[in-house]
Amino acid sequence: MLIKVKVKNENDYPIRNLSSNNFSVIIGKKSVQQIAVRESEPGMYILDVRKPPQQDKAGKYDLIVYYKVGNQILAQAEEKEAVEYTAPIPGGGKVDLVLIIDSSGSMSDNDPQGTRRVHAKRFVDFARVGDRIGVVKFTTWATILANLTEIRTDADRQVLKNAIDQIGDEYFTNIEDGLWKGLEVLDQGGDVGNRKVAVLLTDGFHTVSDPLGQAIVEYQRRGIPVYTIALTGDADEDLLRSYADATQAKYLKAPSAAELGQIWREIIGAAIGERPILSSSFSIKQGETRQQSIPVDSSQEVLVAGITWSGSLVKLNLIRPDGVSVDPTDPSVEHTSGSDFEIYRVHSPMPGQWTAQVQGVETPDTGTQVNLTIATVTPLFAEVFPVKTTYTKGEAIVIAVSLFEGDKPVTGAQVEAKITKPGGKVSKTRSIFTERMERDAQGRLPKLAINVLNRQAGTFDDTLPLFDDGLHNDGGANDGVYANVYSATDTEGTYIFNITAVGKDSKGFDFRRELLVTTDVAGETTPIFAVDPSE
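The text that follows walks through the structure, step by step, so that each part is easy to find. Everything quoted here is computed from the prediction, not taken from an experiment.

1. Details of the pairing of strand S4 (residues 35-41)
Phase 1 of the analysis: Counted residue by residue, S4 has five buried out of seven residues, so it is predominantly covered.
Phase 2 of the analysis: Direction of pairing for S4 relative to strand S5 (residues 44-49): antiparallel, over a ladder of six bridges. If you follow Glu 39 over to S5, its bridge partner there is Tyr 45.
Phase 3 of the analysis: Counted between consecutive antiparallel strands, the loop separating S4 from S5 contains two residues, among which Gly 43 sits at a positive phi close to 80 degrees.

2. A short note on the packing of aromatic side chains
Phase 1 of the analysis: Inspection of the entire model under this criterion finds five aromatic pairs.
Phase 2 of the analysis: The interplanar angle of 55 degrees and the centroid separation of 5.5 Å between the aromatic rings of Phe 23 and Tyr 45 together place this pair among those described as tilted. Of this pair, Phe 23 sits in strand S2 (residues 23-27) while Tyr 45 sits in strand S5, and the two are 22 residues apart along the sequence. As far as burial versus exposure is concerned, Phe 23 and Tyr 45 are alike and both buried.
Phase 3 of the analysis: Consider the rings of Tyr 486 and Phe 497, whose centres lie 5.7 Å apart with planes at 90 degrees: the pair is edge-to-face. Separated by eleven residues along the polypeptide, Tyr 486 in strand S28 (residues 481-486) and Phe 497 in strand S29 (residues 493-504) bring together distant segments of the chain. Like Tyr 486, the residue Phe 497 is buried in the burial classification.
Phase 4 of the analysis: Seen from the ring of Phe 381, Arg 275 lies directly overhead, with NZ or CZ sitting 3.7 Å from the centre.

3. Some words on the packing of helix H2 (residues 115-126) against helix H7 (residues 260-272)
Phase 1 of the analysis: Relative to each other, H2 and H7 sit at 35 degrees, their axes nearing to 10 Å. For H2 against H7, the interelement crossing comes out right-handed. Contacts from Thr 115, Arg 116, His 119, Ala 120 and Phe 123 of H2 reach H7 at Leu 260, Gly 261, Trp 264, Ile 268 and Ile 272.
Phase 2 of the analysis: Class assignment for the residues of the contact of H2 with H7 results in six nonpolar, three polar and one charged.

4. A short note on the sheet that holds S5
Phase 1 of the analysis: The sheet built from three strands is open, its strands ordered S1-S5-S4 with antiparallel pairing. In this open sheet, the two edge strands, each paired with only one partner strand, are strand S1 (2-6) and S4. Here the average twist between neighbouring strands, direction ignored, is 25 degrees.
Phase 2 of the analysis: Pairing geometry for S1 and S5, over five bridges, is antiparallel. Bridge pairing in S5 links Ile 3 to Leu 47.

5. Here we look at the nonpolar core
Phase 1 of the analysis: Ranked by size, the top nonpolar core spans 35 residues in total, and within it Leu 97, Leu 99, Phe 123, Val 199, Ile 229 and Trp 264 carry the most contacts.
Phase 2 of the analysis: Excluding its chain neighbours within four sequence positions, the residues that come into contact with Trp 264 are Leu 99, Ile 101, His 119, Ala 120, Phe 123, Leu 201 and Ile 229.
Phase 3 of the analysis: Judged by nonpolar contacts, the second largest core, of 26 residues, contains Ala 382, Ile 397, Tyr 495 and Leu 515.

6. What to know about the side chain of Ser 19
Phase 1 of the analysis: Mapping Ser 19 onto the fold places it in the loop between S1 and S2.
Phase 2 of the analysis: What makes Ser 19 buried here is its relative accessible area of 18%.
Phase 3 of the analysis: Beyond its immediate sequence surroundings of up to four residues, Ser 19 is in contact with Val 37 and Gly 476.

7. Comments concerning the packing of helix H4 (residues 175-186) against helix H5 (residues 214-221)
Phase 1 of the analysis: Where H4 meets H5, the closest approach of the two axes is 8 Å, and the angle between their N-to-C directions is 35 degrees. From H4, Glu 176, Leu 179, Trp 180, Gly 182, Leu 183 and Leu 186 reach across to H5, where they touch Gln 214, Ala 215, Glu 218 and Tyr 219.
Phase 2 of the analysis: Tallied by class, residues from the contact of H4 with H5 come to six nonpolar, two polar and two charged.

8. What to know about H7
Phase 1 of the analysis: The end-to-end C-alpha distance of H7, which contains 13 residues, comes to 18 Å, matching closely the 18 Å that a straight helix rising 1.5 Å per residue would cover.
Phase 2 of the analysis: Of all 13 residues that make up H7, ten are buried, and the element is covered over most of its length.
Phase 3 of the analysis: By the burial criterion, the buried members of H7 are Leu 260, Gly 261, Ile 263, Trp 264, Glu 266, Ile 267, Ile 268, Gly 269, Ala 271 and Ile 272.
Phase 4 of the analysis: One or two residues past the end of H7 sits Gly 273, with phi positive at roughly 85 degrees.

9. Structural notes on unusual backbone geometry
Phase 1 of the analysis: One non-glycine residue, Lys 29, lies in the positive phi region at around 70 degrees.
Phase 2 of the analysis: For Ser 348, which is not glycine, the phi dihedral falls at a positive 50 degrees.
Phase 3 of the analysis: Of note, Ser 348 is situated in the loop between strand S19 (341-347) and strand S20 (352-362).

What counts, and where the lines are drawn
Positions within a chain are numbered from 1, following the residues in the order the chain's sequence is written. pLDDT decides what is reported in this predicted model: residues at 70 or higher carry local features, side-chain atom pairs at 80 or more are listed and counted, and totals for whole chains, interfaces and linings draw on all residues regardless. As a rule here, side-chain values come from all non-hydrogen atoms in the structure, and water together with hydrogens is ignored. Buried means the residue's accessible area, taken with a 1.4 Å probe over protein chains only, is under 20% of the maximum for its type, while exposed means over 50%, and partly exposed covers the values in between. In this description a helix means any DSSP run of H or I spanning at least four residues, a strand means any run of E spanning at least two, and both kinds are numbered starting from the N terminus. At least two bridges found by DSSP between two strands is the condition for calling them paired. Ring pairs are drawn from Phe, Tyr and Trp, using the six-membered ring of Trp, whenever the two centres fall within 6.5 Å, and their geometry is named by plane angle: stacked under 30 degrees, edge-to-face over 60, tilted for the rest. For a ring to carry a charge above it, either NZ of a lysine or CZ of an arginine must fall within 6 Å of the ring centroid while also lying within 35 degrees of the normal to the ring plane. All axes are obtained by fitting lines to C-alpha atoms, using only the stretch in contact for helices, and the reported angles, taken between N-to-C directions, cover 0 to 180 degrees. Two helices cross in a left-handed way if the nearer one is turned anticlockwise from the farther one by less than a right angle. They cross in a right-handed way if the turn is clockwise. Whether two residues are in contact is decided by their heavy atoms, any of which lying within 4.5 Å being enough. Amino acids outside the nonpolar list (Ala, Val, Leu, Ile, Met, Phe, Trp, Tyr, Cys, Pro) and the charged list (Asp, Glu, Lys, Arg) are all regarded as polar, and Gly is one of them. Only buried Ala, Val, Leu, Ile, Met, Phe, Trp, Tyr and Cys residues count toward a nonpolar core, and they belong to the same one when joined by side-chain atoms within 4.5 Å. Here the expected span of a helix is defined as 1.5 Å times the quantity of residues minus one.

Structural data, given as structure tokens:
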């Protein structure tokens, strides 16, 4: 959990350069043993609490934050019933998840190939036996395409995929009704102990007269996280980020449909608790075998390895560190496969170097494209401190990551961010939406020159190493927070930071974690003051 606090002196000036040694956190009269701290702006600090103290029962507990120097407490802030503890989930960590997906007319421009449908169906492939999934589309109104469907067989997956295929592109955008219909889906089927989650994807603003903002209050009241995806700069990014923040979820932006795959994997992984280790895409030909080494550390409770493809026959073989191939019928293994996917979930995997072996069995002469995804369930993970939705051109972006194993900071890791810079400017459609310009019968905005901007998908343009030395906006040295400043923000558009952390776990085994964060750069930097040389 993240806590935001502001520290000022008696003259209302921000107090700078504090570290974890300057804060103590109490939840329900119990102390938090370990926190990571980063100063996000002068005097504003974000406290990352990885392992809240256990409480005797479920319920809401008071939160107290102390500011101290040495052993002397100088100030404190308290919020009643700020932290909610839920009862243990008897469903074994499974989820009830509703996909709430934009089907408005503007999608014919922003996603003409239906990429959002492709990746939604990929999520259905990766869903676990026992997960329950529902599907909602929204245009001028929202429609339930699939009620909560428990994943047991391939037939269950196909029912959901058929529902996703009904997502189209017509009329206007009613985000509010989409959220209400999502709640209706989550209320179905009784309470079997699964964690309830929503994923909202849109490329636009709320453009109907229905009042906006009441549905998210209900999600927040009931403790249901709403993970949000903005597709292109036409989306209401501030709204989507606020919805994710309000429900303690995650927001990401795909600047175009081409980047939607990696965004979708990151969001779904966060929603169901399977954190990415690595992902790759490659072409494979018939008779060819490709191998990928996978570091598995001692903290990993489940290893997830999956491949997806289309129009061919491809096989995945998973090899343990002792050289033995994983038996799909082993009781500790969940194995699922279909005409275009194959997935292993290995419980309590042996630590060491695993190998994913991908074989092209039947493919065209030109080969077929394969997507490999490796993820894990683990208490050793990296978390990005929040960034702003939008920066101005030339403004520095601080990228900071906390890396912990349980409540212990992981030190000595190598952490870096590979940055994809934008290929074009941020769309100016946001101002047009707020002026309520009229759409056509399909819900499309007029094609004005102001927002017709050619944008090409970017590539990795820069690499930024992150440090835990106390010298790179990372707080104190060796506190598990890795950070650095990225200053090459000279181009307007969406910046994608692909972050990788590698190192040793507490037992000396290699680990690797991946995560992703996006933000926008728009407009010119506003000077603090100006001097007229004629005066």
